[in-house]
Amino acid sequence: MTSDHWLNTHTFHYSDFSDLNKLVEIKEKKKLTVSLCFPTLNEEKTIAKEIIIMRSELVLKSPLIDEILVIDSGSTDNTVPVAREYGADVYIADDILPELPEKYKGKGENLWKALYVAKGDIIVYLDADIKNIHHRFAYGLIGPLLLKKDIKFTKAFYDRPISEETGVIRPSGGGRVTELVTRPLFSLLYPGLAQIIQPLSGEYAAYREILDRLNFPIGYGVETGMLLEIYDRWGLDVMAQVDLDKRIHRNQDTLALGRMSFSILHTFFKFAQNRKLIALNQPLHDRLIQYQAADDIYMPKTHQLKHQVRPPMIELETYRKRFPKRKKAFKAASGP
Amino acid sequence: MKSNFSELKQTVDKIMSIREIILTNVVLIGQTPSQAHSDESKSNSIRSQMFLDRLAETQPDELTTDFHGNPLALFKGASARSHPIMLVAHMDTALGMESECHYQVSEDYLIGPGLIDNSLGVGVLISIPDILKTLEIKLKSDLVLIGLPESLRDSNLKSIRNFLSAWKSPVKAAVCIEGGEIGRLNYFSKGMIRAEILCDIPQEIGYTDKYGLNAIIVMNEVINRVLAIRLPLRPQTNIVLGEIHSGYKHGELPLYARLGFEIHSDSDDMVEDTFGRILEISDDLSHKFSAQIRLRKISSVKAAHLHFHHPMIKAAIRVMEALEIKPIIESSESELSVFLSHRIPAITLAIAHGLNPQKENEQIFIPSIYKGIAQLVGVIKAIDEEGVK
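In this text, all values refer to a predicted model and were calculated from it rather than measured experimentally.

1. Topic: the overall build of chain A
Now for step 1: When helices and strands are tallied, chain A shows 12 helices and 12 strands.
Now for step 2: Its C-alpha atoms give chain A a radius of gyration of 20 Å, near enough to 20 Å, the size a compact globule of 336 residues would have.
Now for step 3: Restricting to contacts in chain A with at least 6 residues of sequence separation, those with at least 24 account for 75%.
Now for step 4: Carbon together with sulfur atoms contributes 53% to the accessible area of chain A, which is approximately 15,700 Å² in total.
Now for step 5: For chain A, the distance from the average position of its 47 positive side-chain charges to the average position of its 43 negative side-chain charges is 5 Å.

Here you go:
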């Protein structure tokens, strides 16, 4: 399969899946359950709206989602009480799997722990800072998983790379980190993944049997790590990307994007090294130094970024015991 | 009307059980631009399409846009003989939202522009089918839900005027829905003229005298003269000065000023008479100052009312009492006046308690919404069960 072929056959628009009755019918026929998970840290301005709209449209009106979870990293604002008020099952990340010796903070940590508390066969992850939230963000990602036989993982993007009417090519809508860091990296060693329009989008969905077999970098590297591992283990054909139109969210400053890029580079190099695609002659540093000008002085600011990686959830015995009916799937996963 | 309102308080909890559906409708309709871009008519606005899309999911018997661009849905009642009940909400906002905005939801408040006037009203209107279904209410009368894209300011209630001019069959009653303030009960409209006085200071080409004739000073004189008009207590007549704009820089001479106002009176003749006197003031001061002072009529409505003892008003007050809502009775020169002038019994009700009206951070107190909706449902049931005769 050529790389272009994948782009053409595995790229969808959310409107392809807007027949919610059909999605619910297939979900019930296949006896599947769906969990929607929001990782949060101080998201009081947007989380309630996200929960309300999802509950209204995809729980009450069309029962496509079976549970809505919020996994919080320790918000100091009203995120937790607001999410509880509107009916989400709220978990504090540190309270999940308390027997683990290490406790980390980070989006990847929340996503990984969500696997433990969520009950669904399909897990949908949405960022909690989307201002123009609409239920298409969820059903657009769930649709291909239900309707397309081979697809096990879906990823959102938010722009059309090519205008259909005129054929005029315009920018893909990838963010600065995507276009300056991630896509060039993918192009160097994993060119197939360069077709993913927005590899860093925080909205994706997958069957549990994919997610619980993945390593989870705890920080910003989680999206990159996830794509690399799925691609490496199952290939591009289990993935699809879905155009969800416009997404409006909080904008991050350049220094924050620098920290994000640092984590992504770290994740990428470690992965490529483990797969013996590159050889590093020394360990990677985990400190990022950034500079800010104050009068005539450049002030260095050092960030110690943790790059721990959580192991596949399926390797935890407590997890396997929690889902006894999945024994067959677990067994298959542990096979050769 | 003899409807039993004792169960209304329980309906508040049942309505709250579908709060997500109601709040989602309010958020989705309110975040959608209320006014179309210049190259398309307002009636084709995205908000009208959103109105239809949301109602399509509730499976109405008819869902369409009328000849004048008003989106509407019809739900047939159990009785073929009963005339329809109309529920309307204007969809434009005083803030003139031409682009998407984003609402915030907190534990107790909905926050964002245009909520009170009138995204909440429209959101509740399109939630009515789900609310009646939840409450297991099946009406005898047909129910017609109408969104009105053009009501405010220069639109001069165009949408409802056009709609009723084309609607030829009898109507049982109508309820106009507004976002706030809960307790609002309008059943009469005063005669009203909405107008503006425009003041332009002529200037010589290429030269502006920094200390010359000042449009703010001229408008100040206009205001003084308008305030000096003697107005009768019977028929009660008032002039409301509502808007003023002038100038653009602290130290620059303003050459333009605009004053927006309304004349209200129980008598249509007094409205016209007062308007004539303001016209005389404009002409007089125009000559005195050698400035261009023009009076422009924007819109008008005729006085009309239901009697206080009308069964629909009595029912509304009983519903409010049952829900411990204090009625606030004032005139309303809105869609209500057009219904009343067509001799259709009508009232205006508001849904919730709000803060910061007409500002970017308008707020709606969420817990008050459910009581406001229970009030609306109580009135609809009373109209349906007992009629308005």
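2. Some thoughts on the sheet that holds strand β10 (residues 191-200) of chain B
Residues and elements named next belong to chain B.
Now for step 1: Read across the sheet, four strands follow the order β11-β12-β10-β13 without closing on themselves; strand pairing throughout is antiparallel. In the strand order of this sheet, the two ends are held by β11 (237-246) and β13 (292-301), each with one partner. Here the average twist between neighbouring strands, direction ignored, is 20 degrees.
Now for step 2: Two elements, β11 and strand β12 (residues 256-265), share nine bridges in a ladder whose sense is antiparallel. Each bridged residue has a counterpart across the sheet, and for L241 the counterpart in β12 is F261.
Now for step 3: Contacting β10, β11, β12 and β13, helix α6 (residues 215-227) crosses the sheet at an angle of about 175 degrees to β11.

3. Here we look at the domain arrangement of chain B
All names here are of chain B.
Now for step 1: Segmentation of chain B into domains returns domain 1 (8-189 + 303-386) and domain 2 (191-301).
Now for step 2: Here the C-alpha centre of domain 2 lies 34 Å away from the C-alpha centre of domain 1.
Now for step 3: Opposite the nine residues of domain 1 that make contact, domain 2 presents 13 residues.
Now for step 4: Across the domain 1 to domain 2 interface the summed buried area is about 830 Å²; carbon plus sulfur atoms make up 43%.

4. A look at the nonpolar core
The nonpolar side chains of a soluble globular protein tend to be buried, and buried together.
Now for step 1: Judged by nonpolar contacts, the single largest core of 145 residues is most densely connected at F38 and M54 of chain A together with L87, L110, F339, I347 and I369 of chain B.
Now for step 2: With 11 residues, helix α10 (residues 366-386) of chain B is the single largest residue contributor to this core.
Now for step 3: Among all residues touching L110 of chain B, those that are not within four sequence positions of it are L23, V26, V27, Q104, V105, L115, E362, Q363, I364, I366 and I369 of chain B.
Now for step 4: With 51 residues, the next largest nonpolar core counts W6, L214, F268 and F323 of chain A among its residues.

5. Some points on the pairing of strand β3 (residues 67-72) of chain A
Residue and element names in this part refer to chain A.
Now for step 1: The buried count for β3 comes to six of six residues, which makes it a mostly enclosed element.
Now for step 2: Neither face of β3 is exposed, since E67, L69 and I71 on one face and I68, V70 and D72 on the opposite face are all buried.
Now for step 3: The sheet contact formed by strand β2 (residues 34-40) and β3 spans six bridges and is parallel. Across the sheet, T40 pairs through a bridge with D72, a residue of β3.

6. Examining the packing of helix α1 (residues 8-16) of chain B against α10 of chain B
Residue and element names in this part refer to chain B.
Now for step 1: Remark: α1 packs on α10, axes separated minimally by 9 Å, with the N-to-C direction vectors making an angle of 120 degrees. Viewed along their axes, α1 and α10 adopt a mutual orientation that is oblique. The chirality of how α1 crosses α10 is right-handed. Residues L8, T11, V12, I15 and M16 of α1 form the contact with α10, whose participating residues are Y370, K371, I373, A374 and G378.

7. Regarding a positive patch on the surface
Residues and elements named next belong to chain A.
Now for step 1: Together, K29, K30, K149 and K152 line one region of the surface with positive charge.
Now for step 2: Within the secondary structure layout, K149 lies in the loop between α6 (136-147) and β6 (153-157).
Now for step 3: Residue K149 is classed as exposed on the basis of its relative accessible area of 75%.

8. Notes on the sheet that holds strand β7 (residues 173-180) of chain B
All names here are of chain B.
Now for step 1: One open sheet holds the eight strands; their spatial order is β1-β2-β6-β3-β7-β16-β8-β15, and the pairing between them is mixed. The open sheet is flanked by β1 (62-65) and β15 (328-329), the only strands paired with a single partner.
Now for step 2: With four bridges connecting them, strand β3 (residues 85-90) and β7 associate as parallel partners. Bridge pairing links V88 to C176 in β7.
Now for step 3: The sheet contacts of α10 involve β3, β7 and β16 (346-352), and relative to β16 the element is tilted by about 155 degrees.

9. What about the interface of chain B and chain A?
Now for step 1: With 19 residues of chain B at the contact, the number on the chain A side is 23 residues.
Now for step 2: Of the roughly 1,800 Å² buried between chain B and chain A, counting both surfaces, carbon and sulfur atoms make up 55%.
Now for step 3: Looking at the side of chain B facing chain A, the largest losses of area belong to E20, V105 and E107 of chain B, adding up to 31% of the total buried there.
Now for step 4: The tally of links between chain B and chain A comes to four salt bridges.
Now for step 5: For R19 of chain B, the salt bridge is made with E85 of chain A, and the minimal N-O distance between the two is 2.9 Å.
Now for step 6: Taken together, chain B and chain A are joined by nine residue pairs in polar contact (both at pLDDT 80 or more).
Now for step 7: Here the side of chain B that touches chain A gets eight residues from one element, more than from any other, and that element is helix α2 (residues 19-31) of chain B.

About the cut-offs
- Residues numbered from 1 in each chain as written.
- Chains lettered and ligands numbered in written order.
- Predicted model: local features only at pLDDT ≥ 70, side-chain atom pairs only at ≥ 80, totals over all residues.
- Heavy atoms only, no water.
- Helix = DSSP H or I, 4+ residues; strand = E, 2+ residues; numbered from the N terminus.
- Rg over C-alpha atoms; globule rule 2.2 N^0.38 Å.
- Contact = heavy atoms within 4.5 Å.
- Areas by Shrake-Rupley, 256 points an atom, 1.4 Å probe, with all protein chains shown as cover.
- Lys, Arg positive; Asp, Glu negative; His and termini not counted.
- Charge placed at Lys NZ, Arg CZ, Asp CG, Glu CD.
- Pairing = 2+ DSSP bridges.
- Axes fitted to C-alpha atoms, helices over the stretch in contact; angles between N-to-C directions.
- Domains from an automatic or database assignment.
- Buried area = accessible area lost by both parts, 1.4 Å probe.
- Core = buried A, V, L, I, M, F, W, Y, C linked by side-chain atoms within 4.5 Å.
- Buried < 20%, exposed > 50% of the residue type's maximum accessible area, 1.4 Å probe, protein only.
- Parallel < 35°, antiparallel > 145°, perpendicular 65-115°, else oblique.
- Left-handed = near helix turned anticlockwise from the far one by under 90°.
- Patch = residues over 30% accessible without salt bridge, like charges linked within 9 Å, V, L, I, M, F, W, Y side chains within 5 Å.
- Salt bridge = Lys/Arg side-chain N within 4 Å of Asp/Glu carboxyl O.
- Polar contact = N/O pair within 3.5 Å; in protein donor to acceptor, adjacent residues only side chain to side chain.

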